[in-house]
Amino acid sequence: MSRPGYPAAAAVFAIGMAGTTLPTPLYGLYREELGFSELMVTVVFAVYALGVIATLLLAGNVSDETGRRPVLLAALGFSAASALCFLFEGGLPALFAGRLLSGFAAGLLSGAATVTVMELAPPGRAAGAGLAATAANMGGLGCGPLLAGLLAEYAPWPLRLPFVVHLALIAAAAVLTWLLPETVTSSGRRLRLRPQGLAVPPQVRGVFAPSALAAFAGFSLLGLFTAVAPAFVAETLDVHNLALAGLVVFSVFLASTAGQALMGRVGERRALPGGCFVLVAGLVLVAASLLLASLPLLVAGALCGGLGQGLAFRGAVTAISTAAPPEHRAATVSAFFVIAYLGISLPVVGVGALTLGIGLRNAGLTFAGCVLALALGVGLHLVRKPPARG
């Protein structure tokens, strides 16, 4: 019997990643139900990044030893457990547990699913498979808030139905995963999880530092939209439609996918600094939307910022992968992703803390100014000193 190919693996990837952002438009409802602050929303969100980082450090290469299929099934299991925590939520501990489990799922998927999609591509389709992996990753992250927002706004049981639907999708993804061909022969050795540490070879550091800072800035924008954009939409812009809030978050991930797809036309040497400057323009639009209380400007900021983030991100990954020696490539890329996921968590917790003292709008403006300065500084540095070719 013929087995499904890389489009099926990409679908599994997208379904798994959608679960990590599914609660995004629902945080306001949880705040009303449980009575916690915007700071606690950002802390709940940031627990996800801790799960991703721990998984990358402990099990980033585990699918090379055990095979792709067992790791994908384990990731889907973590995703299902996360959905159950939210489905039967009984307070903050369940929310923290759900976010941590979704971080474990994303940490396993980000490596194993990407490689699976690439390995299942037939000869001559490597470029298409690479785009499929990118679209599945960012597209899945974007579809989570869109799905939850639509169901919460227009269907019954807003805090339950999104997770029931996602559990059904996970079941379908598990069947697809079982049918996927295995691309790795298991070593048969007993699996041992050891901290891999962060290793950046000295000859890569000149490329690594600006690339990692650009990723930190870009992922900070993604974190802002994923954690607190629905609160901006509701409290600052006075728009209370959850489907619309989900659509705003979806737009930033859609633009990121487009930005990554554009790198082939822009060229890898221009993608990283160019992406930083487009990200700066997006942050200016986000700040303007808060000053003027304009939803169209916020959407424009999401599209422009997401485009810049995607372009810079793919340029950074390419630059680091090219510069790193083969024997240290996996460790160097893992270190890069750890810094990127710190970007998706730490700044938004800072925004949450600032809201207690200066309010949501001013906290957002402060965030935009800090990340704008970082992205602009990295972009100008790269114009003066482009990364050396590997």
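We now turn to the structure provided with this report. As a convention, each chain's residues are numbered from 1 in the sequence order in which they are written. Per-residue local features are limited, in this predicted model, to residues with pLDDT of at least 70; the limit for side-chain atom pairs, both in listing and counting, is 80 or more; totals at the level of whole chains, interfaces and linings are taken over all residues. With hydrogens and water stripped out, all remaining heavy atoms of the structure feed into the side-chain values.

1. Notes on the pattern of salt bridges
Here is step 1: Within this document, salt bridges are pairs made up of a side-chain nitrogen of Lys or Arg and a carboxyl oxygen of Asp or Glu, the two lying within 4 Å of each other. Applying the stated criterion across every chain yields a total of 3 salt bridges.
Here is step 2: R31 is the salt-bridge partner of E235, the closest N and O atoms lying 3.0 Å from each other. In this pair, E235 sits in helix α10 (residues 229–236) while R31 sits in helix α2 (residues 27–34), placing the two residues 204 residues apart along the sequence.
Here is step 3: Taking relative accessible area as the criterion, R31 reaches 24% and is therefore assigned partly exposed. Helix and strand labels come from DSSP, where a helix needs a run of H or I of at least four residues and a strand needs a run of E of at least two; each type is numbered from the N terminus. Burial classes: relative accessible area under 20% of the type maximum marks a residue as buried, over 50% as exposed, and values in between as partly exposed (1.4 Å probe, protein chains only).

2. Some points on helix α5 (residues 68–87)
Here is step 1: Between its first and last C-alpha atoms α5 spans 29 Å; for 20 residues at 1.5 Å apiece the expected length is 28 Å, and the two agree.
Here is step 2: Along α5, the residues that are buried comprise R68, V71, L72, A75, L76, S79, A80, S82, A83, C85, F86 and L87. The span one expects for a helix is its residue count, reduced by one, times 1.5 Å.

3. A closer look at the packing of helix α9 (residues 205–227) against helix α12 (residues 268–292)
Here is step 1: Helix axes use the C-alpha atoms of the stretch in contact, all axes being lines fitted to C-alpha atoms, and the angles between their N-to-C directions lie in the range 0 to 180 degrees. Running from amino to carboxyl end, α9 crosses α12 at an angle of 30°, the nearest separation of the two axes being 11 Å. Judged by the inter-axis angle, α9 sits roughly parallel to α12. With respect to the hand of their crossing, α9 and α12 are arranged in left-handed fashion. Touching S211, A214, A217, G218, L221 and F225 of α9 are L272, C276, L279, L283 and V286, all from α12.
Here is step 2: Lys, Arg, Asp and Glu make up the charged group, whereas Ala, Val, Leu, Ile, Met, Phe, Trp, Tyr, Cys and Pro make up the nonpolar group; the residues left over, Gly among them, are polar. Its residues placed into classes, the contact of α9 with α12 shows 9 nonpolar, 2 polar and no charged. Here roughly perpendicular refers to angles of 65 to 115 degrees, roughly parallel to angles under 35, roughly antiparallel to angles over 145, and oblique to all remaining angles. Should the near helix be turned anticlockwise from the far one by less than a right angle, the crossing is left-handed, and should it be turned clockwise, the crossing is right-handed. The criterion used for residue contact is that any of the two residues' heavy atoms lie within 4.5 Å.

4. Let's talk about helix α13 (residues 295–323)
Here is step 1: Helix length check: α13, at 29 residues, gives a terminal C-alpha distance of 41 Å against a target of 42 Å (1.5 Å per residue), a fit within 8%.
Here is step 2: N or O atoms closer than or at 3.5 Å make up a polar contact, with two conditions inside protein: a donor-capable atom paired with an acceptor-capable one, and, for residues adjacent in sequence, both atoms drawn from side chains. At the N-terminal end of α13, a side-chain oxygen is found 3.2 Å from the backbone nitrogen of L297, two or three residues along, and the residue is S294.

5. A closer look at the environment of F336
Here is step 1: Tracing the chain through its elements places F336 in helix α14 (residues 329–384).
Here is step 2: Exposure remark for F336: the relative accessible area of 1% places this residue in the buried category.
Here is step 3: Sequence separation between F336 and I320 is 16 residues; the distance between their C-alpha atoms is 8.4 Å.

6. Some points on unusual backbone geometry
Here is step 1: A positive phi angle, near 50°, is found at W157, a position not held by glycine.
Here is step 2: With respect to the element layout, W157 can be found in the loop between α7 (126–154) and α8 (161–179).
Here is step 3: Despite not being glycine, A293 shows a phi value in the positive range, around 50°.
Here is step 4: Mapped onto the elements of the fold, A293 is located in the loop between α12 and α13.

7. As for the packing of aromatic side chains
Here is step 1: Only rings of Phe, Tyr and Trp enter the pairing, Trp through its six-membered ring, and a pair is recorded when the two centres are within 6.5 Å. The plane angle decides the type: under 30 degrees is stacked, over 60 is edge-to-face, the rest tilted. All chains considered together, the criterion is met by 10 aromatic pairs.
Here is step 2: For the pair Y30 and F86, a centre-to-centre distance of 6.1 Å together with 50° between the ring planes defines the contact as tilted. Of this pair, Y30 sits in helix α2 while F86 is found in helix α5, placing the two residues 56 residues apart along the sequence.
Here is step 3: We classify Y30 as buried; its relative accessible area is 0%.

8. Looking at the layout of surface pockets
Here is step 1: The rule is simple: put a 1 Å grid over the protein atoms alone, call a set of points where a 1.4 Å probe fits but cannot get out a cavity, call an open set with protein on both sides within 12 Å along at least five of seven lines a pocket, and count a residue as lining if it has an atom within 4 Å of a point. Grid points are joined across faces, edges and corners, and a volume is the space filled by probe spheres set on the points. Estimated volume of the largest pocket: approximately 1,100 Å³.
Here is step 2: In terms of lining, the largest pocket is formed by 39 residues, of which the most central are S110, T114, V317, V333 and F337.
Here is step 3: Elements with a minimum of two residues in the lining of the largest pocket: α3 (38–59), α4 (63–66), α6 (92–119), α7, α9, α11 (242–266), α13 and α14.
Here is step 4: A total of 7 residues in the lining of the largest pocket trace back to one element, the largest contributor, which is α14.
Here is step 5: In the lining of the largest pocket, the residues fall into 19 nonpolar, 16 polar and 4 charged.
Here is step 6: By volume, the second largest pocket is sized at about 290 Å³.
Here is step 7: Considering the residues around the second largest pocket, the lining is formed by 20 residues, among which G28, L29, P230, A234 and L242 are closest to the centre.
Here is step 8: Counting residues per element, the ones that place at least two in the lining of the second largest pocket are α2, α3, α10 and α11.
Here is step 9: Partitioned by chemical class, the residues of the lining of the second largest pocket number 12 nonpolar, 4 polar and 4 charged.

9. What about the nonpolar core?
Here is step 1: Counting 105 residues, the largest nonpolar core has Y30 and F225 as its most contacted members.
Here is step 2: If one sorts the elements of this core by residue count, α14 sits on top with 16 residues.
Here is step 3: Here Y30 is in contact with G35, F36, F86, E89, L95, L159 and F163, once residues within four sequence places are set aside. Here, the term nonpolar core denotes a set of buried Ala, Val, Leu, Ile, Met, Phe, Trp, Tyr and Cys residues that are joined through side-chain atoms within 4.5 Å.

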